[in-house]
Structure formats: C-alpha cells, structure tokens
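Observations on the three-dimensional arrangement
Now for the letters of each chain:
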Amino acid sequence: QKEVEQNSGPLSVPEGAIASLNCTYSDQGSQSFFWYRQYSGKSPELIMFIYSNGDKEDGRFTAQLNKASQYVSLLIRDSQPSDSATYLCASRQSREYGNKLVFGAGTILRVKS
Amino acid sequence: DAGITQSPRHKVTETGTPVTLRCHQTENHRYMYWYRQDPGHGLRLIHYSYGVKDTDKGEVSDGYSVSRSKTEDFLLTLESATSSQTSVYFCAISESDKNYGYTFGSGTRLTVV
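Residues numbered from 1 in each chain as written. Chains lettered and ligands numbered in written order. Predicted model: local features only at pLDDT ≥ 70, side-chain atom pairs only at ≥ 80, totals over all residues. Heavy atoms only, no water.

Concerning the state of the cysteines
Taken as a whole and assessed by the stated rule, the structure comprises two disulfides over all chains. The residue that forms a disulfide with C23(A) is C89(A), at a sulfur-sulfur distance of 2.1 Å. When the S-S torsion is -70 degrees, as for the bridge of C23(A) with C89(A), the disulfide is left-handed. Linking C23(A) in strand β3 (residues 19-25) with C89(A) in strand β9 (residues 85-92), this pair joins segments that are 66 residues apart in sequence. Residue pairing for C23(B): its cysteine sulfur links by disulfide to C91(B), the two sulfurs lying 1.9 Å apart. (Disulfide = S-S within 2.5 Å. Helix = DSSP H or I, 4+ residues; strand = E, 2+ residues; numbered from the N terminus.)

Some words on the sheet that holds strand β8 (residues 71-76) of chain A
Residues and elements named next belong to chain A. Read from one edge to the other, the open sheet built from five strands follows the order β1-β3-β8-β7-β6, with strand pairing classed as antiparallel. Looking at which strands have only one partner, the edges of the open sheet turn out to be β1 (4-5) and β6 (54-58). Inspection of the sheet shows β1 paired to β3 by two bridges, in the antiparallel sense. Across the sheet, the residue bridging to V4 is Y25, located in β3. (Pairing = 2+ DSSP bridges.)

Some thoughts on the packing of aromatic side chains
Within this structure, the stated rule accounts for 17 aromatic pairs over all chains. Plain terms: the ring middles of Y31(B) and Y33(B) are 6.5 Å apart, the flat faces sit at 10 degrees to each other, and that makes the pair stacked. Judged by its relative accessible area of 7%, Y31(B) is buried. For the ring pair F90(B) and F104(B), a centre distance of 6.0 Å and an interplane angle of 80 degrees mean the geometry is edge-to-face. Of this pair, F90(B) sits in strand β9 (residues 87-95) while F104(B) sits in strand β10 (residues 101-104), placing them 14 residues apart in sequence. Each member of the pair F90(B) and F104(B) is classed as buried. Taken together, the ring pairs in this structure connect Y36(A), F103(A), Y31(B), Y33(B), Y35(B), Y48(B), Y50(B), F90(B), Y102(B) and F104(B) into an aromatic cluster. One Lys or Arg, K56(A), reaches over the ring of F49(A) and ends 3.8 Å from the middle of that ring. The ring of F61(A) has R60(A) sitting right over it, with the charged end atom 5.5 Å from the ring centre. (Phe/Tyr/Trp six-rings, centres within 6.5 Å; stacked < 30°, edge-to-face > 60°. Buried < 20%, exposed > 50% of the residue type's maximum accessible area, 1.4 Å probe, protein only. Lys NZ or Arg CZ within 6 Å of the ring centre and 35° of its normal.)

Focus on the side chain of D38(B)
Residues and elements named next belong to chain B. Mapping D38 onto the fold places it in strand β4 (residues 32-38). One polar contact links D38 to S87, side chain to side chain, over a distance of 2.7 Å. Setting aside anything within four residues of it in sequence, one finds D38 in contact with R44, T86 and S87. (Polar contact = N/O pair within 3.5 Å; in protein donor to acceptor, adjacent residues only side chain to side chain. Contact = heavy atoms within 4.5 Å.)

Quick notes on the interface of chain A and chain B
The interface is formed by 21 residues belonging to chain A together with 20 residues belonging to chain B. Counting each side, the surface lost to burial between chain A and chain B is near 1700 Å², with a carbon and sulfur contribution of 55%. Of all residues in chain A, N99(A), K100(A) and F103(A) give up the largest surface area on contact with chain B, accounting jointly for 26% of the area buried on that side. Linking chain A to chain B there are zero salt bridges. There are five residue pairs in polar contact (both at pLDDT 80 or more) connecting chain A and chain B. Going through the elements one at a time, β4 (32-38), β5 (45-50), β9 and β10 (101-103) of chain A are the ones with two or more residues in the side of chain A that touches chain B. (Buried area = accessible area lost by both parts, 1.4 Å probe. Salt bridge = Lys/Arg side-chain N within 4 Å of Asp/Glu carboxyl O.)

In structure tokens:
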C-alpha cells in the first residue's frame, strides 16, 4: 500500500508566525506532490504542487521537496486566522496507475489571533 | 477554473435502496475520480475513469459501481446502501496544467438511515 503520512495535529501557531506542515511518503516512484487546503464543510482546494527537489514559492506559501528523504513540507509565512483549515498532502502515482493521487489524512492548522 | 458539479448536494436514503450520485464536468477532461471522506480515514478512492466506458476500481470499491457513457458525466451508484456508506463523496477531475492535480466538486453528503 502506497502511503502518505501526516501528523494530524492540531498545529497551533500565533498570527504572523510561520506554520510548518510536514508529510512523508512511501512510494519512491512518486514524482509529483500536492498540498490542498480544506475548510470545514468544504471541498479540498489545491494550493501548490511540486515535482523538483528544493523549494517552490507562491506568495506566502513555500513547498519543499526532498526526494532522498521522501519528505514534503509546506511553510505558510505570516499566518492569518483565515489560514485555519485542514491541510492535505498528496502524491501522484504514474499514468499507468491512472494518475491517481494518494492523500494523507491531513493536518489541522489553527492560527490564533 | 474547470467547471465540475456534483448532484445532489445532500441526500438521506434508507438502508437497502440504490442511490446514484452524479458528477458533471464542462471541459472534456479525460480522468475523473470518486472519493469518499470519513473522519479518521481521510480521502479514499472508490473508482476512477480514464475515458468513456473505461473505469477501474480504487481501494474501497466494494458496494459501489460507476458508469461513464459520456466524457462529461461520471456516475457513482451504491447498489444497496448500507449505514457504513454514510459519508461525504467527492468527485474530482485531473488537470494537466496543474501537473495532473485534482479539482474537486463541492461534494455530496449522503446519510443512510
């Protein structure tokens, strides 16, 4: 079973701080990784994807990938109360397996004002 | 953004009855997926489709069937609903310009009584 593991949290950070969300994956064949944000009662929303080792930045969000360690992270700078949500990490299987995404169970983030 | 709609948004049904959920997309995407989301289990793949009449099972397919007779529609049927199928069901499409990450529909909250 190809797995994606996340700490369920909740992770609590004060407003304005950096929130660091982490994820590990077991399938060495996975090439692409995704971070989704899901507010309570809503559907998951894609924040970022990354497929190269290193960092990828988009506004206040930075995704980091380390394929040797099979580790993916998401940093949220200047955290806001509106960032409070569940964050889902996912890895993508190859096309021969239907481009399927395997999701972690999610980390709950709480940003306190 | 891709147009993807699910219907119905909410449904209550009785044990033993068949139920069909509909997913409709407007942009001719090849890959479509049905997931269920439950507390403690995260998002789990039920079935997916890689083209008209081309479908395959996911990790929790027992008790479910799917059909895709047109590119835009992907139907999920619970053949004889059970209380264990009470869940939130999400349809998703895979978009090449997002590295084949998913865009999700708004979800269907199904309660089996």
